[in-house]
Amino acid sequence: MAARKLYRIREGKVFTGVCGGIAKLFDIDPKLVRLLFVACCLAVASGIMVYIIFTIFIPKEPK
């Protein structure tokens, strides 16, 4: 079994592809990941900073 890696998705992304990449890694619905992320951002103000860090450090999915 090949090791799965975390990538920002290229197709089907809404903003930068971070939530879609996380959903693909764990094989869950991207809408659920996006909803959980928005809830975390509203609860904790630093959630937006975490998203920006993820965007910078998670590579784009290979073509």
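Residues numbered from 1 in each chain as written. Predicted model: local features only at pLDDT ≥ 70, side-chain atom pairs only at ≥ 80, totals over all residues. Heavy atoms only, no water.

A. Expanded view of the environment of Val38. With respect to the helices and strands, the residue Val38 is situated in helix 2 (residues 30-43). Placed 31 residues apart in sequence, Val38 and Tyr7 show a C-alpha to C-alpha distance of 20 Å. (Helix = DSSP H or I, 4+ residues; strand = E, 2+ residues; numbered from the N terminus.)

B. How the structure looks around the UniProt feature "transmembrane region" (unreviewed entry) in the protein chain. Taking the numbering used here, the UniProt-annotated feature "transmembrane region" (unreviewed entry) corresponds to residues 35-58. What you have in residues 35-58 is 83% helix and 0% strand, and the ends, taken at the C-alpha atoms, are 20 Å apart. (UniProt positions renumbered as here; feature names shortened; annotations may be inferred.)

C. Representation of the nonpolar core within the structure. Formed by Val18, Cys19, Ile22, Ala23, Val33, Tyr51 and Ile58, the largest nonpolar core amounts to seven residues. No other element matches the four residues that helix 1 (residues 18-26) contributes to this core. Filtering out sequence-adjacent residues up to four positions away, Tyr51 remains in contact with Phe15, Thr16, Gly17, Val18, Cys19 and Phe37. (Core = buried A, V, L, I, M, F, W, Y, C linked by side-chain atoms within 4.5 Å. Buried < 20%, exposed > 50% of the residue type's maximum accessible area, 1.4 Å probe, protein only. Contact = heavy atoms within 4.5 Å.)

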